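Residue-level listing of the chains:
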Amino acid sequence: MQVNSSHSWAGRLEKSLRSDRDDLETLGFINHGHNGYSTEDLLKGKKIEAVIQDKPDLIIFENSLINNHYQSLSLEQTQKDLESIMAKLQKELPNAKILIISPNPVTNGKTENSLGLNYTDYIQASEQVIKTNKWTYLNSKEEIEKKLSKKNMRLADILTNDNIHPNDQGHYIWFEVMEEYFKLKK
């Protein structure tokens, strides 16, 4: 099920930020998301260089942990890749603000991959390296789960049939999480 880009959390956030602040009226969002890419794929496929070429002032980097889990990348590789990605971004874009966010919650997050690791293991491993390096981070997975609990909703209500990708309602809740984060950071 394809989500309309204006209904995605990023599309909604762009619209919200533009309407909230006059100085952001000309704000431009460029989506460099790559479905199915692991952190390793982003590095090998020169996707980080593509982001650098756009010279953004702000990068919201959704860590590729769902794909790292499915592709059974080791936690060490995941951490190393994250450090490589951040090193490239920080070196080439020294003035850019970088926010790392976790991916959304998924239905089979407790399922172990061929390495015996579950999705939460990947979240925790990446949080370890993020904390060590004092990078800016938002655990959007946890914040989405809190909102679901408050709204008395199930995870299945906000995911497409693949049980991985958010549907329009899921994107709206993710947008709410992101909007609250940015309102606090004004």
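Residues numbered from 1 in each chain as written. Predicted model: local features only at pLDDT ≥ 70, side-chain atom pairs only at ≥ 80, totals over all residues. Heavy atoms only, no water.

Novice: Could you clarify how one ought to interpret the sheet that holds strand S3 (residues 136–138) in this entry?
Specialist: Strands belonging to one sheet form pairs held by backbone hydrogen bonds; the direction of such a pair is parallel or antiparallel. Taken in spatial order, the three strands of this open sheet run S1-S2-S3, and their pairing is parallel. Two strands lie at the open edges of the sheet, namely strand S1 (58–62) and S3, each paired on one side alone. For this sheet, the mean inter-axis angle between neighbouring strands, taken without regard to orientation, is 25 degrees. When S1 meets strand S2 (residues 97–101), the two strands line up parallel, connected through five bridges. Across the sheet, Leu58 pairs through a bridge with Lys97, a residue of S2. (Pairing = 2+ DSSP bridges. Helix = DSSP H or I, 4+ residues; strand = E, 2+ residues; numbered from the N terminus. Axes fitted to C-alpha atoms, helices over the stretch in contact; angles between N-to-C directions.)

Novice: Would you take a moment to explain helix H5 (residues 75–92) for this structure?
Specialist: Along an α-helix, a turn takes 3.6 residues, which lines up residues three or four apart on a common side. Relative to the 26 Å expected for 18 residues at 1.5 Å per residue, H5 spans 26 Å between its end C-alpha atoms, a close match to the ideal helical length. Listed in full, the buried residues belonging to H5 are Leu75, Thr78, Gln79, Asp81, Leu82, Ile85, Met86 and Leu89. For H5, the angular spread of the buried residues around the axis is 160 degrees, confining them to a single face. Opposite the buried face of H5, at more than 90 degrees from it, the exposed residues are Glu76 and Lys91. In the core, the buried residues of H5 are packed alongside helix H2 (39–44), helix H3 (47–53), S1, helix H4 (65–70), S2 and helix H6 (119–133). (Expected span 1.5 Å × (residues − 1). Buried < 20%, exposed > 50% of the residue type's maximum accessible area, 1.4 Å probe, protein only. Arc of directions from axis to C-beta. Contact = heavy atoms within 4.5 Å.)

Novice: So what exactly am I meant to see when it comes to the side chain of His69 here?
Specialist: As for its position among the elements, His69 is in helix H4. Here His69 is in contact with Thr111, Glu112, Asn113, Leu117, Asn118, Tyr119 and Tyr122, once residues within four sequence places are set aside.

Novice: Looking at this structure, I do not really get H6. What am I missing?
Specialist: Over its 15 residues, H6 runs 22 Å from end to end, which matches the ideal 21 Å to within 8%, given 1.5 Å per residue. For H6, the full list of buried residues reads Tyr119, Tyr122, Ile123, Ala125, Ser126, Val129 and Ile130. The buried residues of H6 occupy an angular sector of 170 degrees when the element is viewed end-on, so they sit on one face. Pointing more than 90 degrees away from the buried face of H6 are the exposed residues Gln128, Lys131 and Thr132. Looking at the buried residues of H6, the elements they touch are H4, H5, S2, S3 and helix H7 (140–150). A distance of 2.9 Å separates the backbone nitrogen of Thr120 from a side-chain oxygen at the start of H6, and that oxygen is part of Asn118. Once H6 ends, the next one or two residues include Lys134, with phi positive near 55 degrees. (Polar contact = N/O pair within 3.5 Å; in protein donor to acceptor, adjacent residues only side chain to side chain.)

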